[in-house]
Amino acid sequence: MIESLNSPHVARVKALIGSRGVKERKNSGQFVAEGMQCSREALISKTGPQIETLYLTINGRKKVEEIADLSQFNVVDVSDEVMREMSETITPQGILAVCSIPSKELKSISLNGSRKFIYLSEIQDPGNAGTILRSADAFAMDAVITSPGSVDMY
């Protein structure tokens, strides 16, 4: 179990979510999914983001073991204090995953005439992008495509 706030694991996670996070996410191809809801999506997804490292507190481990076989993942146990240091939330849920950003090129999306897409052109507000993304999911869109000038979705 990691108990040191000076662990390289803590530094890695903080780099991905910190003020320089956009550049770090782009360079590494990784992002952080924090909390049960975000992590659940990565835990059960077959085609979405793949978990590279799953950080769990004792309570977080109990929650995740209910929905996933942890033997399939690189799990690192951390103390509650370390989780608070790595987390952006005030009260962390004890679950944090470093995931790979799925790499999809526009040309790799097959078009069959019935696929539905949303294209975001230079959306700058993360809140607006999040609302559109959740709406796209609710309306069963096949993809959300962002222009190079849009906000970082991760």
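Just so we're clear, the structure is a prediction, and the values are computed from it rather than from any experiment.

K.L.:
Before we go on, may I ask you to explain the pairing of strand S2 (residues 51-56) in this structure?
P.N.:
Along a regular strand, successive side chains alternate from one face of the sheet to the other. The element S2 is largely enclosed, with a buried count of 5 among its 6 residues. Inspection of the sheet shows S2 paired to strand S4 (residues 95-100) by 5 bridges, in the antiparallel sense. Counterpart to threonine 53 in the pairing with S4 is valine 98. Bridge count between S2 and strand S3 (residues 75-77): 3 bridges; the pairing is parallel. Within S3, the position partnered with tyrosine 55 by the bridge is valine 76.

K.L.:
Looking at this model, I keep getting lost on the state of the cysteines. Mind explaining?
P.N.:
Each disulfide consists of a covalent bond between the sulfur atoms of two cysteine residues. As enumerated under the stated definition, the model contains 0 disulfides in all. With no disulfide partner, cysteine 38 has as its closest neighbouring cysteine sulfur the one in cysteine 99, 9.2 Å distant. What makes cysteine 38 partly exposed here is its relative accessible area of 44%.

K.L.:
What is the right way to look at the side chain of glutamine 30 in this model?
P.N.:
Mapped onto the elements of the fold, glutamine 30 is located in strand S1 (residues 30-34). Within the local environment of glutamine 30, its side chain forms a polar contact with the side chain of arginine 12, the two groups lying 2.7 Å apart. Ignoring anything within four residues of it in the chain, the contact list for glutamine 30 reads Arg12, Leu16, Arg25, Glu52, Val98, Cys99, Ser100 and Ile101.

Analysis parameters
Residues numbered from 1 in each chain as written. Predicted model: local features only at pLDDT ≥ 70, side-chain atom pairs only at ≥ 80, totals over all residues. Heavy atoms only, no water. Buried < 20%, exposed > 50% of the residue type's maximum accessible area, 1.4 Å probe, protein only. Helix = DSSP H or I, 4+ residues; strand = E, 2+ residues; numbered from the N terminus. Pairing = 2+ DSSP bridges. Disulfide = S-S within 2.5 Å. Polar contact = N/O pair within 3.5 Å; in protein donor to acceptor, adjacent residues only side chain to side chain. Contact = heavy atoms within 4.5 Å.

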